[in-house]
Amino acid sequence: TVVDNSTMNNSSCPRVSFSFTGKFLPPVYILVFFIGLAANGWGLRSLLKNWKKLGNISLFVLNLGISDVLYLLTLPFLVVYYLMSRRWIFGQTFCKITRFCFNLNLYGSIGFLTCISVYRYLAIVHPMRAMGRITFTHSVIISVTTWLLVGIQCLPDMFYTKTSKRNTEKCFDTTDDEYVESYLKYSLGWTFMGFCIPLLITLGCYGHVLVVLCRKNTTDKVLRQRCMKLLFLLVLLFSVCYIPYHILKNLNLWSRLQFIWKVCQKWSNGVYIARQLSRALVCLNSALNPLVYLRGDENILAPLRKCLQPAQEPTTQATTLFTRGSPPSAI
């Protein structure tokens with residue numbers, strides 16, 4: 001949340017609609033909470049039933065589900081906060097824990113979705129190279145490493161104050177105006193390491209799959225189009241949920257910094273409102289993950305493998321063994 005109302009009202013800068021957050025976010029959080037718990041409950045149940053079928057990728061889906069549930073459990077407290085006109089009654093320690101859980105979910109989701117993308121790419125495009133080299137132990141090590149990297153990225157946020165000197169009952173998702181310049185620098189680095197690099201990896205993996213699909217002249221045209229549409233949907237959802245959030249978060253911090261420097265920007269209110277909308281998209285991602293990345297696997301991977309199945313009989317047999325969830329499977 002941004003600059004305090006009293007400060008903004010005493011300036012000549014355009015008024016920022018802080019009331020928009022209290023009206024917009026609670027209904028979104030309530031909706032996502034119930035849909036997300038139901039979807040992730042179904043997703044985890046489906047995961048356990050199809051654990052061997054999904055192979056090593058199941059561990060990443062499990063971590064993704066845990067990350068989503070962890071965040072969903074904090075939403076009721078945020079609903080109370082915004083309904084009470086941004087008055088936090090649960091203590092500052094729990095405020096930091098709540099914000100930390102959000103960041104852990106956000107960047108944990110990005111990290112594990114990136115792992116899923118890489119595994120899909122290897123299993124579909126390079127099955128012979130990956131078979132036997134990627135084991136369940138490797139997936140465990142990668143999962144632990146992902147959590148550690150995400151935790152290290154999120155940890156500095158815990159040391160920034162989440163309250164205002166003028167109002168100690170606030171629970172900022174970033175920090176108070178006094179530290180906003182430092183926080184902006186941290187946020188930009190965080191965005192690059194935690195989002196931009198994983199995004200490039202994900203786009204590279206799915207992009208190469210699409211290129212291979214387009215080059216396969218022997219592939220059934222309808223099947224190829226279906227595969228391409230499904231891959232495009234995955235990339236679109238990943239981009240829509242995360243790109244606006246990171247751009248608008250940093251732009252909003254820059255707007256606050258401009259205000260502190262006595263520079264008024266006419267677009268401040270628009271950026272603030274747009275940022276709240278982007279927060280809803282990120283929140284919604286926790287409910288969509290199990291529907292897209294678990295249920296989608298059952299309908300996406302099979303046709304993709306058919307699209308990219310090599311013509312040679314030995315390779316075909318190896319690919320079939322590889323994709324049925326055998327111990328060395330990367331899917």
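Residues numbered from 1 in each chain as written. Predicted model: local features only at pLDDT ≥ 70, side-chain atom pairs only at ≥ 80, totals over all residues. Heavy atoms only, no water.

### A look at the overall build of the protein chain
Moving on, step 1. Tallying secondary structure elements over the protein chain gives 13 helices and zero strands in all.
Moving on, step 2. Listed N to C, the secondary structure of the protein chain is α-α-α-α-α-α-α-α-α-α-α-α-α in terms of helices and strands.
Moving on, step 3. Across the 331 residues that make up the protein chain, the buried fraction comes to 52%.
Moving on, step 4. Taking the contacts inside the protein chain whose residues are at least 6 apart along the sequence as the reference set, 79% of them involve residues at least 24 apart.
Moving on, step 5. Counting only carbon and sulfur atoms, one obtains 67% of the accessible surface of the protein chain, whose full area is about 15200 Å². (Helix = DSSP H or I, 4+ residues; strand = E, 2+ residues; numbered from the N terminus. Buried < 20%, exposed > 50% of the residue type's maximum accessible area, 1.4 Å probe, protein only. Contact = heavy atoms within 4.5 Å. Areas by Shrake-Rupley, 256 points an atom, 1.4 Å probe, with all protein chains shown as cover.)

### Quick word on the UniProt feature "transmembrane region" (unreviewed entry) in the protein chain
Moving on, step 1. Per the UniProt record, "transmembrane region" (unreviewed entry) is found at residues 28-48, 60-84, 104-122, 134-152, 188-209 and 230-248.
Moving on, step 2. For residues 60-84, the end-to-end C-alpha separation is 37 Å, with 88% helix and 0% strand making up the annotated structure.
Moving on, step 3. Helix makes up 89% of residues 134-152 and strand 0%, and the two end C-alpha atoms of the span are 26 Å apart. (UniProt positions renumbered as here; feature names shortened; annotations may be inferred.)

### Focus: the layout of surface pockets
Moving on, step 1. Approximately 360 Å³ is the volume attributed to the largest pocket.
Moving on, step 2. In terms of lining residues, the largest pocket is bounded by 19 residues, among which Gly-111, Thr-114, Thr-146, Leu-149 and Pro-198 are the most central.
Moving on, step 3. Elements supplying a minimum of two residues to the lining of the largest pocket: helix 6 (92-125), helix 8 (136-154) and helix 9 (180-215).
Moving on, step 4. With seven residues, the single largest contributor to the lining of the largest pocket is helix 6.
Moving on, step 5. Its residues placed into classes, the lining of the largest pocket shows 13 nonpolar, six polar and no charged. (1 Å grid on protein atoms, 1.4 Å probe; cavity = no way out; pocket = protein on both sides within 12 Å on 5 of 7 lines; lining within 4 Å. Points joined across faces, edges and corners; volume = space filled by probe spheres on them. Nonpolar A, V, L, I, M, F, W, Y, C, P; charged D, E, K, R; others polar.)

### As for the state of the cysteines
Moving on, step 1. Scanning the entire structure with this criterion turns up one disulfide.
Moving on, step 2. A sulfur-sulfur distance of 2.0 Å marks the disulfide that ties Cys-95 to Cys-171. Torsion about the S-S bond of the Cys-95 and Cys-171 cystine: about 100°, corresponding to right-handed handedness. Of the two residues, Cys-95 sits in helix 6 while Cys-171 sits in the loop between helix 8 and helix 9, which places them 76 residues apart along the sequence. Comparing Cys-95 with Cys-171, the two get one shared label, buried. (Disulfide = S-S within 2.5 Å.)

### A short note on the packing of aromatic side chains
Moving on, step 1. One pass over the full model with this rule turns up 22 aromatic pairs.
Moving on, step 2. Geometrically, the ring pair formed by Tyr-160 and Tyr-183 is edge-to-face, given 4.9 Å between the ring centres and 80° between the ring planes. Of this pair, Tyr-160 sits in the loop between helix 8 and helix 9 while Tyr-183 sits in helix 9; the two residues are 23 residues apart in sequence, bridging distant segments of the chain. The two residues Tyr-160 and Tyr-183 agree in class, both being buried.
Moving on, step 3. Ring pairs connect the aromatic residues Tyr-29, Phe-77, Tyr-81, Tyr-82, Trp-88, Phe-90 and Phe-94, which therefore count as one cluster. (Phe/Tyr/Trp six-rings, centres within 6.5 Å; stacked < 30°, edge-to-face > 60°.)

### A look at the side chain of Ser-143
Moving on, step 1. Tracing the backbone shows Ser-143 in helix 8.
Moving on, step 2. On the basis of relative accessibility, which here comes to 4%, the residue Ser-143 falls in the buried class.
Moving on, step 3. If near-sequence neighbours (up to four positions away) are discounted, Ser-143 is found in contact with Leu-59, Phe-60, Asn-63 and Phe-112.

### Some points on a nonpolar patch on the surface
Moving on, step 1. Taken together, Leu-251, Trp-254, Ile-260, Trp-261, Val-263 and Trp-267 make up a surface patch of nonpolar side chains, about 490 Å² in accessible area.
Moving on, step 2. Locating Trp-254 in the fold gives a position in helix 10 (residues 221-260).
Moving on, step 3. Given a relative accessible area of 34%, Trp-254 falls into the partly exposed group. (Patch = residues over 30% accessible without salt bridge, like charges linked within 9 Å, V, L, I, M, F, W, Y side chains within 5 Å. Salt bridge = Lys/Arg side-chain N within 4 Å of Asp/Glu carboxyl O.)

### Some points on the nonpolar core
For soluble globular proteins, the rule of thumb is that nonpolar side chains tend to be buried together.
Moving on, step 1. Residues Tyr-29, Leu-75, Leu-106 and Tyr-242 are the most contacted members of the largest nonpolar core, which totals 53 residues.
Moving on, step 2. At 12 residues, helix 6 tops the list of elements feeding residues into this core.
Moving on, step 3. If we ignore the near neighbours within four places in the chain, the residues touching Leu-106 are Tyr-242, Tyr-245, His-246 and Val-282.
Moving on, step 4. In terms of nonpolar packing, the next biggest core, distinct from the first, is built from 10 residues, Tyr-121, Ile-124, Val-209 and Leu-231 among them. (Core = buried A, V, L, I, M, F, W, Y, C linked by side-chain atoms within 4.5 Å.)

### Some remarks on the pattern of salt bridges
Moving on, step 1. Scanning the model with the defined rule gives four salt bridges in all.
Moving on, step 2. A salt bridge links Lys-162 to Asp-157, with the shortest nitrogen-to-oxygen separation between them at 2.9 Å.
Moving on, step 3. A relative accessible area of 1% places Lys-162 in the buried class.
Moving on, step 4. Taking the shortest distance from any N to any O, the salt bridge between Asp-177 and Arg-256 comes out at 2.7 Å. Of this pair, Asp-177 sits in the loop between helix 8 and helix 9 while Arg-256 sits in helix 10, and the two are 79 residues apart along the sequence. The same class applies to Asp-177 as to Arg-256, namely buried.

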